[in-house]
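The lines below spell out each chain.
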Amino acid sequence: MTVRPSPEKLLALGMSFWNAKALLSAVELGVFDALAEGPADLESLRTRLGLHERSARDFFDALVALKLLERQDGDYRNAPDADFFLVRARPSYVGGLLEMANARLYESWGHLTEALRTGRRQSENKDDSDFFAALYADPARLRGFLAAMSGVSAGAANAIAGKFPWRNYKSFVDVGVAQGMVPVTIARAHPHLSGGGFDLPPVAPIFEEFVAANGLSERLQFHAGDFFKDALPQTDVIIMGHILHDWDLEQKRLLVKKAHDALPAGGALIVYEALIDDDRRQNAFGLLMSLNMLIETLGGFDYTGADCQGWMTEAGFSETRVEHLVGPDSMVVGIKQAE
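A brief report on the enclosed structure follows. (Residues numbered from 1 in each chain as written. Predicted model: local features only at pLDDT ≥ 70, side-chain atom pairs only at ≥ 80, totals over all residues. Heavy atoms only, no water.)

1. Description of the overall build of the protein chain
Moving on, step 1. Scanning the protein chain from terminus to terminus reveals 15 helices and 10 strands.
Moving on, step 2. Taken against the 2.2 N^0.38 rule, which gives 20 Å for 339 residues, the C-alpha radius of gyration of the protein chain at 22 Å falls within 12% of a compact globule.
Moving on, step 3. With the C-alpha coordinates aligned to their principal axes, the bounding extent of the protein chain is approximately 70 × 55 × 45 Å.
Moving on, step 4. Here the protein chain holds 339 residues, and 48% of them are scored as buried.
Moving on, step 5. By sequence separation, contacts in the protein chain at least 24 residues apart represent 66% of the contacts at least 6 residues apart.
Moving on, step 6. Charge centroids of the protein chain, computed over 33 positive and 46 negative side chains, lie 3 Å from each other. (Helix = DSSP H or I, 4+ residues; strand = E, 2+ residues; numbered from the N terminus. Rg over C-alpha atoms; globule rule 2.2 N^0.38 Å. Buried < 20%, exposed > 50% of the residue type's maximum accessible area, 1.4 Å probe, protein only. Contact = heavy atoms within 4.5 Å. Lys, Arg positive; Asp, Glu negative; His and termini not counted. Charge placed at Lys NZ, Arg CZ, Asp CG, Glu CD.)

This is the structure:
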């Protein structure tokens, strides 16, 4: 007997934006913040969030069905993972990325077909010649973007802190440091290290505020500069996380070469991204991230571990390796030849 295929998987995938938008709106409305102090019934939660009577019950129960909320005896409470990661006041908050997705990416991805046909970015400032210059010129948007980058980097930062042999090194600098999630995470795990972050000058007060809040101002310093125009700080280890995919091929090669030049003999470059698997069949997130770069940037794209190892070898690194970190993220490590 022939088993007829079912369309359920295809329909679920095609309609998965329903699930995504329910979560994004819940973060925007502050649902998880409202329940951080304890459970609430339908009417009190609806009133606190300013929702219409027609919408509230279905919305909250949809979040229950999505395992984001729990409901018991008519009271709603945060599910454990939502309570840990999606309450703004908690240091574990990763919702900055979801806030950016809701405010910017959700609408931009509605123009994916146009991007596929034209090869041109579709973000809200698509007519600006420099996406990052426009972003960094707006303090509110910049702060939101840097918080989003902390959400993107949190899991990888913990994995890098645990998997890289930091005992062999004394200093490090995160290039394109954003708010500072990566250096803060690494410095907390390894008290012998000193380091900091390199980014454009407007990032400095946001980085310094975040580092101070984590009690690490004496060990982590900010280095202001433009990594296309200025030399990178000299240090034992340079980190580039979710940076190379923003740029075209020649710019990628340039940044890898600048990192090689800044490192001492035996120094290391860590590049981490949602690396596409070498066969380009498995890491759907990495491939979709590359489409996000199509939508967001002039020439950016994501790449495989083998691609990055090739750029490192071209730049002069004598040894390279690829290691999985967490979820879709992996790191490529390049070692500069020892003297």
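2. Thoughts on the sheet that holds strand S5 (residues 194–199)
Moving on, step 1. Ordered in space as S6-S5-S4-S7-S8-S10-S9, the 7 strands form an open sheet in which the pairing is mixed. Unpaired on one side and paired on the other, strand S6 (220–224) and strand S9 (317–326) mark the two borders of the sheet. Strand-to-strand twist of the sheet, defined as the mean angle between neighbouring strand axes without regard to direction, takes the value 20°.
Moving on, step 2. Across the sheet, helix H11 (residues 181–189) lies against strand S4 (171–175), S5, S6, strand S7 (237–241) and strand S8 (268–273), angled at about 160° from S4, the strand it touches most.
Moving on, step 3. Set on the sheet, helix H13 (residues 249–262) makes contact with S7, S8, S9 and strand S10 (329–336); between it and S7 the angle comes to about 160°. (Pairing = 2+ DSSP bridges. Axes fitted to C-alpha atoms, helices over the stretch in contact; angles between N-to-C directions.)

3. Some words on the packing of aromatic side chains
Moving on, step 1. Scanning all chains against the criterion turns up 11 aromatic pairs.
Moving on, step 2. Ring plane angle 55° and centroid distance 5.5 Å describe the contact between Phe-60 and Tyr-76, whose orientation is recorded as tilted. With Phe-60 in helix H5 (residues 53–65) and Tyr-76 in strand S3 (residues 75–78), the pair connects residues that are 16 residues apart, well separated along the chain.
Moving on, step 3. Exposure remark for Phe-60: the relative accessible area of 0% places this residue in the buried category.
Moving on, step 4. Each ring, one from Phe-84 and one from Phe-85, has its centre 4.8 Å from the other, and the planes form 90°; the classification is edge-to-face.
Moving on, step 5. Judged by its relative accessible area of 45%, Phe-84 is partly exposed.
Moving on, step 6. With a relative accessible area of 35%, Phe-85 lands in the partly exposed category.
Moving on, step 7. Counting every residue linked through ring pairs, the aromatic cluster contains Phe-164, Trp-166, Tyr-169 and Phe-172.
Moving on, step 8. It is Lys-21 that lies over the ring of Tyr-106; its NZ or CZ is 5.6 Å from the centre.
Moving on, step 9. Lys-252 extends its terminal NZ or CZ atom over the ring of Phe-301, reaching a point 3.7 Å from the ring centre. (Phe/Tyr/Trp six-rings, centres within 6.5 Å; stacked < 30°, edge-to-face > 60°. Lys NZ or Arg CZ within 6 Å of the ring centre and 35° of its normal.)

4. Describing the pattern of salt bridges
Moving on, step 1. Applying the stated criterion across every chain, the model contains 12 salt bridges.
Moving on, step 2. For Glu-99, the salt bridge identified is with Arg-88, shortest N-O distance 3.5 Å. Taken together, the residues Glu-99 in helix H7 (residues 95–108) and Arg-88 in the loop between helix H6 (80–85) and H7 connect sequence positions 11 residues apart.
Moving on, step 3. Judged by its relative accessible area of 32%, Glu-99 is partly exposed.
Moving on, step 4. Notably, a salt bridge pairs Arg-321 with Glu-323, separated by 2.7 Å at the nearest N-O pair.
Moving on, step 5. Judged by relative accessible area, which is 24%, Arg-321 ranks as partly exposed.
Moving on, step 6. One salt-bridge network, in which partners are shared between bridges, spans Asp-33, Arg-88 and Glu-99. (Salt bridge = Lys/Arg side-chain N within 4 Å of Asp/Glu carboxyl O.)

5. Describing the pairing of S5
Moving on, step 1. In terms of burial, S5 is largely enclosed, as 5 of its 6 residues are buried.
Moving on, step 2. For the crossover from S4 across H11 to S5, the handedness is right-handed.
Moving on, step 3. Strand direction decides the pairing type here: S5 and S6, joined by 5 bridges, are parallel. Considered in S6, the bridge of Gly-195 is made with Leu-220.
Moving on, step 4. Remark: the S5/helix H12 (residues 204–213)/S6 crossover connection has right-handed handedness. (Right-handed = clockwise from strand over helix to strand, strands pointing away.)

6. Here we look at unusual backbone geometry
Moving on, step 1. Unlike most non-glycine residues, Asp-73 shows phi in positive territory, near 55°.
Moving on, step 2. The backbone phi angle of His-242 is positive, close to 50°, even though this residue is not glycine.
Moving on, step 3. Mapping His-242 onto the fold places it in the loop between S7 and H13.
Moving on, step 4. Overall, the relative accessible area of 10% leaves His-242 in the buried class.

7. Quick word on the side chain of Thr-304
Moving on, step 1. On the secondary structure map, Thr-304 appears in the loop between helix H14 (284–296) and helix H15 (305–315).
Moving on, step 2. Residues within four places of Thr-304 in sequence aside, it is in contact with Leu-275, Ile-276, Asp-277, Asp-278 and Arg-280.

8. Description of the side chain of His-190
Moving on, step 1. Counting through the fold element by element, His-190 comes out in the loop between H11 and S5.
Moving on, step 2. For His-190, a relative accessible area of 17% translates into the label buried.
Moving on, step 3. Sequence-distant contacts of His-190, that is, excluding residues within four places in its chain, are made with Ala-161, Trp-166 and Arg-219.

9. As for H11
Moving on, step 1. Most of H11 sits out of view: 7 of its 9 residues are buried.
Moving on, step 2. Met-181, Val-182, Pro-183, Val-184, Thr-185, Ile-186 and Ala-187 are the residues of H11 that are buried.

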